[in-house]
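# Results of the structural survey
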Amino acid sequence: MVDTAVVTGAARGIGRAIATRLVREGWSVVVADLDATELAVVAEELGALAVPGDTSTDAGVRDLVDAAYAHLGHVDAFFANAGIGTLAGLEATDEQWQRVLDTNVMAHVRAARHLVPRWLEAGGGRFVVTASAAGLLTMLGDAPYSVSKHGAVAFAEWLSATYRHRGIVVQAICPQGVQTRMLEESGPLQALLTLDAAVTPDKVADAVWTALGSNDFLVLPHPEVRDYYAHRAAHPDAWLAGMNRLQQKLDSQPTPNQENA
């Protein structure tokens, strides 16, 4: 029986790379994204089924899961990859917070609601969350993104702790800088995100493919994140002092208006 998967946020970046790698390895794939035009191009290249829509909503994810089961017959793995940021701190509006939380956290919750009962009946399944190193450490300059990615990791941990004995494998992908549109549009944060070299989406997909064989919970395309995470847990005040020093460097950078003056 051919392995099957659903990949959200698959029109570009990490999602596209994961879908491409799975198809190359012989999997049958359903791809989803808000951008129907770019998604159609990816689907045609891969021979995959495109299901455009908003998977941050319950209706959107329900339609995706139903379409995937109708097309594939069964779903072995769900890659919850779609994610957004704001580049905002305390000035982020309630509407921005809600959109980020819906996309980066609640989309995973809603997908699990529709998938886990089917997987329990079938004897197992795999739920892979694209979180971020921000979900293990923090993300300066973007409060909604940082908080939501912590939430994504926390939900993945809860799923794993609750269902692993019943055949459900849960994994969290936590890269640092990845060469995607989000990194290109990160403004002054780009230098911070590339202190350790930014990797390509294909490198993330390679790490994901390796992790599918090991079932390790944390998928770390940047291996150094494991040491940062351990240091943060062992020395929280020293960690926060170091992050604050990085924030002070960001604060000292000229604003675009100052640069153009």
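Described below are features of the structure shown in this document.

The number of helices and strands found in the chain is eleven helices and seven strands. Looking at the chain as a whole, 46% of its 261 residues qualify as buried. Within the chain, residue pairs in contact and separated by at least 24 positions form 66% of the contacts whose partners lie at least 6 positions apart. Element-wise, carbon and sulfur atoms account for 53% of the exposed surface of the chain, whose accessible area totals about 12500 Å².

Quick look at the sheet that holds strand E6 (residues 168–173) now. The parallel open sheet is built from seven strands, whose spatial order is E3-E2-E1-E4-E5-E6-E7. Two strands lie at the open edges of the sheet, namely strand E3 (49–52) and strand E7 (218–219), each paired on one side alone. As paired elements, strand E1 (residues 4–7) and strand E4 (residues 77–80) share three bridges and run parallel to each other. Residue pairing in the sheet places Val7 in a bridge with Phe79 of E4.

A few words on the packing of aromatic side chains. Scanning the entire structure with this criterion turns up five aromatic pairs. Both rings, one in Trp27 and one in Trp209, keep their centres 6.3 Å apart while their planes meet at 70 degrees; by these two values the pair is edge-to-face. Of the two residues, Trp27 sits in the loop between helix H1 (13–24) and strand E2 (28–33) while Trp209 sits in helix H8 (residues 201–214), which places them 182 residues apart along the sequence. Looking at Trp209, the relative accessible area reads 24%, which means it is partly exposed. Each residue in the set Phe78, Trp119 and Phe127 is aromatic and connected to the rest through ring pairs, giving one cluster.

To continue, consider the nonpolar core. In this structure, Phe78, Leu115, Trp119, Phe127, Leu136, Leu159 and Cys174 are the most contacted members of the largest nonpolar core, which totals 43 residues. Where this core is concerned, the elements lending two or more residues are E2, helix H3 (58–72), E4, helix H4 (94–122), strand E5 (125–130), helix H5 (143–163), E6 and helix H10 (236–252). Leaving out residues up to four positions away in the same chain, Leu159 has contacts with Ala112, Val116, Phe127, Arg164 and Val170. Residues Ala48, Ala77, Val178 and Leu212 belong to the second largest nonpolar core, which totals 29 residues.

Attention now moves to the side chain of Ser148. Mapping Ser148 onto the fold places it in helix H5. With residues near it in sequence (within four places) discarded, Ser148 still touches Val100, Leu101, Asn104 and Val105.

Our next topic: the side chain of Asp102. Of note, Asp102 is situated in helix H4. At a separation of 3.3 Å, a polar atom in the side chain of Asp102 contacts the side chain of Arg110. With residues near it in sequence (within four places) discarded, Asp102 still touches Ser56, Ala107 and Arg110.

The next point concerns the pattern of salt bridges. As enumerated under the stated definition, the model contains nine salt bridges in all. Taking the shortest distance from any N to any O, the salt bridge between Asp206 and Arg21 comes out at 2.5 Å. One end of the pair, Asp206, is in helix H8; the other, Arg21, is in helix H1, with 185 residues separating them in the sequence. With relative accessibility at 30%, the residue Asp206 sits in the partly exposed group. Arg99 is the partner of Asp54 in a salt bridge, and the nearest nitrogen-oxygen pair spans 3.3 Å. Taken together, the residues span a long stretch of sequence, with Asp54 in the loop between E3 and H3 and Arg99 in helix H4 at a distance of 45 residues. On the basis of relative accessible area, Asp54 is assigned to the partly exposed category, the value being 23%. The class for Arg99 is partly exposed, based on a relative accessible area of 32%. By sharing partners, the salt bridges in this structure join Arg12, Asp35 and Glu38 into a single network.

Residues other than glycine seldom take positive phi values, yet Leu87 does so here, at roughly 60 degrees. Here Leu87 lies in the loop between E4 and H4. At Asn215, a residue that is not glycine, the phi angle is positive and equals roughly 65 degrees. If you trace the backbone, Asn215 turns up in the loop between H8 and E7.

Here is what the cut-offs are and how they apply
- Residues numbered from 1 in each chain as written.
- Predicted model: local features only at pLDDT ≥ 70, side-chain atom pairs only at ≥ 80, totals over all residues.
- Heavy atoms only, no water.
- Helix = DSSP H or I, 4+ residues; strand = E, 2+ residues; numbered from the N terminus.
- Buried < 20%, exposed > 50% of the residue type's maximum accessible area, 1.4 Å probe, protein only.
- Contact = heavy atoms within 4.5 Å.
- Areas by Shrake-Rupley, 256 points an atom, 1.4 Å probe, with all protein chains shown as cover.
- Pairing = 2+ DSSP bridges.
- Phe/Tyr/Trp six-rings, centres within 6.5 Å; stacked < 30°, edge-to-face > 60°.
- Core = buried A, V, L, I, M, F, W, Y, C linked by side-chain atoms within 4.5 Å.
- Polar contact = N/O pair within 3.5 Å; in protein donor to acceptor, adjacent residues only side chain to side chain.
- Salt bridge = Lys/Arg side-chain N within 4 Å of Asp/Glu carboxyl O.

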